[in-house]
Every structure is written in structure tokens, then in C-alpha cells.
Amino acid sequence: MIKQNPFILRCPECGDSKIVRPKSDVINPTEMVSFCSKCKVSMKRESLSGLFKLLG
Ligand SMILES: [Zn+2]
């Protein structure tokens, strides 16, 4: 079983971001694609690993 790592969805237009934490090994399609509520554009998925390093 592969554990899903949390990731960030970031809007390329306004820079708004949110953290997504998959609750199970089943990938929910609604968690894979998200649209910015302000700009109505698809948000880009980013890894959280860099953020974890900063939080150290
Ligand atoms: Zn936006």
C-alpha cells in the first residue's frame, strides 16, 4: 500500500495555496484537480517536501 503524501495546490495567478492531505490510498479525483476560487484557473500541484525542510 502506498501512502499518499500531502501536497500543495498553488494558484499561478494570485499565488493562493492550500494544503491537501489525502486521507487514504484511494486517490479522490476531486483532490487531484482544484481551481482557484478567485481566478477560476487550475492550481498547480507542488510537493510539500521543501516546506518540511523549512519547518525543520
Ligand atoms: Zn488565484
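Data block above holds the structure.
Residues numbered from 1 in each chain as written. Predicted model: local features only at pLDDT ≥ 70, side-chain atom pairs only at ≥ 80, totals over all residues. Heavy atoms only, no water.

Novice: Would you explain the coordination of the zinc ion in this entry?
Specialist: Reference values for coordination geometry: four tetrahedral donors around a metal ideally subtend 109.5 degrees, six octahedral donors ideally subtend 90 or 180 degrees. Around the zinc ion, the protein contributes the donor atoms Cys11 (SG), Cys14 (SG), Cys36 (SG) and Cys39 (SG), at 2.3 to 2.4 Å from the metal centre. Coordination at the zinc ion is tetrahedral: its four donor atoms span angles of 106 to 111 degrees at the metal. Going along the chain, you hit the donors of the zinc ion in the pattern C-x2-C-x21-C-x2-C. Within this pair, whereas cysteine 14 is found in the loop between β1 (7–10) and β2 (17–20), its partner cysteine 39 is found in the loop between α1 (29–32) and β3 (44–47), the two being separated by 25 residues in sequence. (Donors = N, O, S within 2.8 Å, 3.2 Å for Na, K, Ca; no water. Tetrahedral: all angles 85-135°; square planar, octahedral: opposite > 155°, others 65-115°. Helix = DSSP H or I, 4+ residues; strand = E, 2+ residues; numbered from the N terminus.)

Novice: I'm lost on unusual backbone geometry in this one. Help?
Specialist: Most peptide bonds take the trans form, and the phi angle of most residues other than glycine is negative. In this model, lysine 40 sits at a positive phi of 60 degrees, which is unusual for a non-glycine residue. Relative to the helices and strands, lysine 40 resides in the loop between α1 and β3. Overall, lysine 40 belongs to the exposed group, its relative accessible area being 62%. (Buried < 20%, exposed > 50% of the residue type's maximum accessible area, 1.4 Å probe, protein only.)

Novice: What should I look at first to understand the pattern of salt bridges in this one?
Specialist: Once their charged atoms are close, side chains differing in charge can pair, the charge on each being opposite to the other. Within this structure, the stated rule accounts for one salt bridge. Linking glutamate 46 and arginine 10 is a salt bridge whose minimum nitrogen-to-oxygen distance equals 3.1 Å. Of this pair, glutamate 46 sits in strand β3 while arginine 10 sits in strand β1; the two residues are 36 residues apart in sequence, bridging distant segments of the chain. We classify glutamate 46 as partly exposed; its relative accessible area is 31%. (Salt bridge = Lys/Arg side-chain N within 4 Å of Asp/Glu carboxyl O.)

Novice: Which parts of the structure should I look at to understand the pairing of β2?
Specialist: Each regular strand displays side chains that alternate between the two surfaces of the sheet. The pairing of β1 with β2 spans four bridges and is antiparallel. For arginine 10, the partnering residue across the bridge sits in β2 and is serine 17. Hairpin connection of β1 to β2: six residues between the antiparallel strands, including glycine 15 at a positive phi of 80 degrees. (Pairing = 2+ DSSP bridges.)

Novice: Is there a simple way to explain the sheet that holds β2 in this structure?
Specialist: Spatially, β2-β1-β3 is the arrangement adopted by the three strands of the open sheet, whose pairing is antiparallel. Both edges of this open sheet fall to β2 and β3, since each of them pairs with a single strand only. Across this sheet, the average inter-strand angle for adjacent strands is 30 degrees, counted without regard to direction. (Axes fitted to C-alpha atoms, helices over the stretch in contact; angles between N-to-C directions.)

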